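Here is how the chains run, residue by residue.
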Amino acid sequence: MLYFNPWKTIAIILVSLASLLFAAPNLFHKEQLANLPGWMQLRMGLGLDLQGGAYFLLELDTEDLRKSWIEALADDARQNLRDEKVLFTSPSVVGNEVRVKIKREDQVEKAFARLKKLARPNFDLFSGSPDVEVVRDGKVIKLMPTETALNTRVTNAMGTAVEIFRNRIDPSGTREILIQRQGENRILLQVPGVSDKEAQEIWEQKINKPAVLTFQLVDQSMSVQEAQAGSPPPGSAIYKGADNSDEEGQYLLLQKRVIVSGADLVDAQQAFSQDSTRPVVSFRFNTSGAQRFAKVTRDNVNKPFAIVLDGEVISAPVIQEAILSGTGQISGRYTVESANNLAVLLRSGALPAKPKLVARQTVGATIGADAIKSGKQATLWAFFLVALFMVIGYGLFGAFSIVALIVNVAIIMATMSLLHGTLTLPGIAGIALTMGVAVDANVLIFERMREEMRSGKSNVLALEAGFSRAYATIIDSHLTGLLGGVILMWLGSGPIRGFAITLSIGIVASLFTAITLTRLIIATWLRWSRPNVIPL
């Protein structure tokens, strides 16, 4: 157990030195690191409680959510009646209901039976009642969403919106951004460490973008000028070209019917076009989306179709051949950054309703410099007292454990820096707690060594037994602690998540430093000094 393969020794030393190297920038001010290479300037960010940041209070437009559902219901009714070859007048929206008039008396029953299928059980309610009431009034069929179903949709939309904002602003989950629901239709976001200008960019690029992506065919039955002079054909509308797109400043007449929507996307990534180095966004559909896209492109070769984002055309290529792979590219006048931002928006999905900004402000540190100073003092005192206890209790071996403890803290700081993590006051508490967890493993090992020495074993056998027989207890205690940390990361948010992240990283690092690094230090000391008595 005290013999180390040379390559293993080199690996342990390299990991330890790399951790110290990547943790070191956190001990200096940014100005002091300005002349160093970029990879040596990686630092942990500071949370809202330490350095301030941006505060957003958002309100989801539930009226917009209701209108979207009603319009989707009208479109479903229209499509279903066409499939049944029923003659009807175009569905009209009156208040909270959709009305469809059937032209032929003998088709009313068939139309009613087909539209009844649009009412689905509301599985979010224990009653399983339908989410839409379908009633007949002569030749008129009415579809009315229920109030309970609408409330359920609002609740689900709020949960969806929270996750979408989290994926857009903090996809790695390490920035300690607080995102939580407030009241019936409001969401609070706290983004640490951003200026007023950066807060404005976050609002415009990551929060206020609905990110509704659709693929629609271009209506070639008349020109855009004719549609503008008169009125667009039924089922079509005029769309504007988006800024910074290939269609900027142009207007196109598109069919309202959506071929495929962004809901069918399974991936979107920033890439580069094959014929140039121009940034594009590559996307991939799920199976059903790929099948629909393949059918439409196969039936419309040499016809243009449009890619529409948030109601504006960003690209309108001509279909050269059937696209069967379910993949494609969105091109435009993108930079690498703007293409990557669009890919993040598409991956996170469309917002269920448009957010309204109720309040936004850039705030200073709530506790600020005093909090940082207090956190540093608490951590240093914790380190000093732990070091003092270990040295008094275990002498030279206690000093060895302090070296391992320094590396343990360095691993936490280096990992947080590489992940662009944010340090908060609860995170500092997690680091302080980790110190106790780390030396606890050494205490178990050293106490086991003492027992083996009292039983009369030689120095080498006592040291080997101390490590080997303490393994099970150490791993068991660390795994239970890690499980608690993972659960806190999974279910928690904001400060709780910050505490859980530093604690979990520290527990994993403790397994490395206590079992591997400390053992290497002791084995090296034993080979070099060959003591007659173990100073333990």
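What counts and what doesn't
Residues numbered from 1 in each chain as written. Predicted model: local features only at pLDDT ≥ 70, side-chain atom pairs only at ≥ 80, totals over all residues. Heavy atoms only, no water. Helix = DSSP H or I, 4+ residues; strand = E, 2+ residues; numbered from the N terminus. Rg over C-alpha atoms; globule rule 2.2 N^0.38 Å. Contact = heavy atoms within 4.5 Å. Areas by Shrake-Rupley, 256 points an atom, 1.4 Å probe, with all protein chains shown as cover. Lys, Arg positive; Asp, Glu negative; His and termini not counted. Charge placed at Lys NZ, Arg CZ, Asp CG, Glu CD. Pairing = 2+ DSSP bridges. Axes fitted to C-alpha atoms, helices over the stretch in contact; angles between N-to-C directions. Expected span 1.5 Å × (residues − 1). Bend = angle between axes of the 7 residues up to and from the residue. Buried < 20%, exposed > 50% of the residue type's maximum accessible area, 1.4 Å probe, protein only. Parallel < 35°, antiparallel > 145°, perpendicular 65-115°, else oblique. Left-handed = near helix turned anticlockwise from the far one by under 90°. Patch = residues over 30% accessible without salt bridge, like charges linked within 9 Å, V, L, I, M, F, W, Y side chains within 5 Å. Salt bridge = Lys/Arg side-chain N within 4 Å of Asp/Glu carboxyl O. Core = buried A, V, L, I, M, F, W, Y, C linked by side-chain atoms within 4.5 Å. Nonpolar A, V, L, I, M, F, W, Y, C, P; charged D, E, K, R; others polar.

> So what's going on with the overall build of the protein chain? Which residues, and what values?
Per the secondary structure count, the protein chain includes 13 helices and 19 strands. Over its C-alpha trace the protein chain gives a radius of gyration of 32 Å, far above what one expects of a compact globule, namely 24 Å for 536 residues. Long-range pairs, those at least 24 residues apart, make up 69% of the contacts in the protein chain with a sequence separation of at least 6. Working note: accessible area of the protein chain is about 27,200 Å², and carbon and sulfur atoms make up 57% of it. Taking the average place of the 54 positive charges on the side chains of the protein chain and the average place of its 49 negative ones, the gap between the two points comes to 3 Å.

> I'd like to hear about the sheet that holds strand S12 (residues 260-261), residue by residue, with values.
Spatially, the six strands line up as an open sheet ordered S11-S10-S16-S15-S9-S12, and their pairing is mixed. Where the open sheet ends on each side, the last strands, each with one partner, are strand S11 (251-255) and S12. As judged from the five bridges shared by strand S10 (residues 236-241) and S11, these two strands associate in the antiparallel manner. Bridge pairing links alanine 237 to leucine 254 in S11.

> Explain the sheet that holds strand S3 (residues 92-94) to me, and be specific about the residues and the numbers.
A sheet is described by the order of its strands in space; here four strands give the open sequence S3-S4-S6-S5, paired in antiparallel fashion. What marks the edges here is a single partner per strand, and that holds for S3 and strand S5 (132-137). Shown here is a sheet whose adjacent strand axes are inclined to one another by a mean of 25°, direction ignored. Sheet topology places S3 next to strand S4 (residues 97-101); three bridges connect them, and they run antiparallel. For serine 92, the partnering residue across the bridge sits in S4 and is arginine 99. Against the sheet, helix H4 (residues 108-116) engages S5 and strand S6 (140-145), with an angle of about 170° to S5.

> If you had to explain helix H12 (residues 459-491) to someone new, which residues and values would you point to?
Taking 1.5 Å of rise per residue, 33 residues should cover 48 Å, and H12 covers 47 Å from first to last C-alpha, within 8% of that figure. Of all the bends found along H12, the most pronounced is centred on tyrosine 471 and spans about 45°. Those residues of H12 that fall on the buried side of the exposure criterion are Asn459, Ala462, Leu463, Ala465, Gly466, Phe467, Ala470, Tyr471, Ile474, His478 and Gly485.

> Break down the packing of helix H3 (residues 62-83) against H4 for me, with residues and values.
Axis separation between H3 and H4 bottoms out at 10 Å; the angle between their running directions is 130°. Between H3 and H4, the crossing angle belongs to the class labelled oblique. As H3 runs across H4, the sense of the crossing is right-handed. Listed contacts from H4 to Ala77, Asn80, Leu81 and Asp83 of H3 are Ala111, Arg114 and Leu115.

> Account for a nonpolar patch on the surface, naming residues and giving values.
On the surface, a nonpolar cluster with roughly 570 Å² of combined accessible area is contributed by Trp381, Phe384, Leu385, Leu388 and Ile392. Its location among the elements puts phenylalanine 384 in helix H10 (residues 368-418). A relative accessible area of 45% means that phenylalanine 384 is categorised as partly exposed.

> Now, about the nonpolar core: what can you tell me, with residues and values included?
Among the nonpolar cores identified, the biggest contains 53 residues, and Met390, Phe397, Ile445, Phe446, Met449, Leu463 and Ile522 are the most heavily contacted of them. By residue number, the principal contributor to this core is H10, which donates 18 residues. If sequence neighbours within four positions are ignored, phenylalanine 446 has contacts with Met390, Tyr394, Phe397, Gly398, Ser401, Thr518, Ile522 and Leu536.

> Go over the pattern of salt bridges with me, naming the residues and quoting the values.
In total, this model carries 14 salt bridges according to the counting rule given. A salt bridge links lysine 142 to aspartate 137; its shortest N-O distance comes to 3.9 Å. Given a relative accessible area of 47%, aspartate 137 falls into the partly exposed group. One continuous salt-bridge network, built from bridges that share partners, spans Arg448, Glu451, Glu452, Lys457 and Arg469.

> So what's going on with unusual backbone geometry? Residues and values would help.
Backbone geometry follows two general trends: most residues other than glycine have a negative phi, and most peptide bonds adopt the trans configuration. Positive phi outside glycine occurs at lysine 85, with the angle close to 60°. When you line up the elements, lysine 85 lands in the loop between H3 and S3. Non-glycine residue asparagine 302 carries a positive phi angle of around 70°. Following the sequence through the fold, asparagine 302 ends up in the loop between helix H8 (287-299) and strand S15 (305-309).

> Go over the packing of H12 against helix H13 (residues 495-529), please, and point to the residues and values.
For the pair H12 and H13, interaxial distance at closest approach is 9 Å and the crossing angle is 170°. One way to sum up the angle between H12 and H13 is to call them roughly antiparallel. In the contact of H12 with H13, the residues fall into 21 nonpolar, six polar and two charged.

> For the side chain of asparagine 408, give the residues involved together with the corresponding values.
Residue position: asparagine 408 is located in helix H10. Beyond its immediate stretch of four places on either side in the chain, asparagine 408 contacts Thr434, Ala438, Gly506, Ala509, Ser510 and Thr513.

This is a description of form; function is not addressed.
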